[in-house]
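The chain contents come next:
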Amino acid sequence: MKKKIAIMCSALMLVTGMSAFTGCFGGAEAEGKVMNVALNPEVEFVLDKDNKVVSVNAINEEGNLIISAEAFENVEGKTAEEAAELFVQVSKENGFLFEGNVKSGENEIKVSLSGDKKAAEELYNDVKASINEYATEIGITATV
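Predicted model only: the values in this text are computed from it and were never measured.

Draft legend 1. Just the sheet that holds strand E3 (residues 53-58), in detail. Taken in spatial order, the 4 strands make up an open sheet running E3-E2-E1-E4, and their pairing is antiparallel. Single-partner strands in this sheet number two, and they are E3 and strand E4 (110-113). Pairwise comparison of adjacent strand axes, ignoring direction, gives a mean angle of 20 degrees for this sheet. Lying on the sheet, helix H3 (residues 80-93) is in contact with strand E1 (33-38), strand E2 (42-47) and E3; it crosses E1 at an angle near 20 degrees. Strands in contact with helix H4 (residues 117-137) are E1, E2 and E4; relative to E4, the strand with the most contacts, it is inclined by about 155 degrees.

Draft legend 2. Spotlight on the packing of aromatic side chains. Scanning all chains against the criterion turns up 1 aromatic pair. When the ring of Phe-45 is compared with that of Phe-72, the centres are 6.3 Å apart and the planes differ by 20 degrees; the resulting orientation is stacked. Of the two residues, Phe-45 sits in strand E2 while Phe-72 sits in the loop between helix H2 (61-67) and H3, which places them 27 residues apart along the sequence. Each member of the pair, Phe-45 as well as Phe-72, is classed as buried.

Draft legend 3. View of the environment of Val-88. Relative to the helices and strands, Val-88 is located in helix H3. Residue classification places Val-88 among the buried positions, given a relative accessible area of 1%. Ignoring any residue separated from it by four or fewer positions in sequence, one finds Val-88 in contact with Leu-97, Ile-109, Ile-131, Tyr-134 and Ile-138.

Draft legend 4. Summary view of H3. Taking 1.5 Å as the rise per residue, H3 with 14 residues should run 20 Å; its terminal C-alpha atoms sit 20 Å apart, in good agreement. For H3, the set of buried residues is Ala-80, Ala-83, Ala-84, Leu-86, Phe-87, Val-88, Val-90 and Ser-91. The inward-facing, buried residues of H3 abut E1, E2, E3, H2 and H4. Immediately downstream of H3, the backbone of Gly-95 shows phi near 80 degrees, a positive value.

Draft legend 5. Representation of the confidence of the model for the protein chain. Summary statistics for the protein chain give a mean pLDDT of 80 and a share of 74% for residues scoring 70 or more. Within the model, pLDDT remains below 50 along residues 2-29, and this stretch shows 4 contacts once partners closer than five positions in the same chain are excluded.

Draft legend 6. A look at the pattern of salt bridges. Under the defined criterion, the tally for this structure stands at 1 salt bridge. As a salt-bridge pair, Asp-50 and Lys-49 come within 3.8 Å of each other at their nearest N and O atoms. Classification of Lys-49 as partly exposed rests on a relative accessible area of 43%.

Draft legend 7. Region of the structure containing the pairing of E2. Across the two faces of E2 the burial differs, with Val-43, Phe-45 and Leu-47 buried and Glu-42, Glu-44 and Val-46 not buried at all. Alignment of E1 against E2, held across 6 bridges, turns out to be antiparallel. If you follow Val-34 over to E2, its bridge partner there is Val-46. Where E2 lies against E3, 5 bridges are found, and the strand directions are antiparallel. Across the sheet, residue Val-43 finds its bridge partner in E3, namely Ala-58. Hairpin connection from E2 to E3: 5 residues lie between these consecutive antiparallel strands, with Asn-51 at a positive phi of about 65 degrees.

Thresholds, definitions, all that
Residues numbered from 1 in each chain as written. Predicted model: local features only at pLDDT ≥ 70, side-chain atom pairs only at ≥ 80, totals over all residues. Heavy atoms only, no water. Pairing = 2+ DSSP bridges. Helix = DSSP H or I, 4+ residues; strand = E, 2+ residues; numbered from the N terminus. Axes fitted to C-alpha atoms, helices over the stretch in contact; angles between N-to-C directions. Contact = heavy atoms within 4.5 Å. Phe/Tyr/Trp six-rings, centres within 6.5 Å; stacked < 30°, edge-to-face > 60°. Buried < 20%, exposed > 50% of the residue type's maximum accessible area, 1.4 Å probe, protein only. Expected span 1.5 Å × (residues − 1). pLDDT = per-residue confidence, 0-100. Salt bridge = Lys/Arg side-chain N within 4 Å of Asp/Glu carboxyl O.

Written as structure tokens, this is what we have:
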């Protein structure tokens, strides 16, 4: 009898755990995507279904320097384009982007997106255009 109760409790815990686990990935979050922006600092933005930032994570130590900047305190809720521009701004302020003549391989900003291919391509094009426009405004020659 004790063995049956133990098995039933284990089964109940397993089902409850699986429900909680799958619940984390359901709903609106499942429709979101992840955007990585890299120069040497690399940062990951988790986006919701409307391409607004839900959270930001540093991928490397330089990324930690970028996201610890005061400008990143209110990054949640910004659009993907605004977040990418913020990444460029803080990268320039911290010496990761160079003004004037740059060598091949310098000022190369890589953007990658997860999710539906068509939607990811559209967002990539929007983010790329936004970064290029912002880089021009601040006097930086960059390749996206």
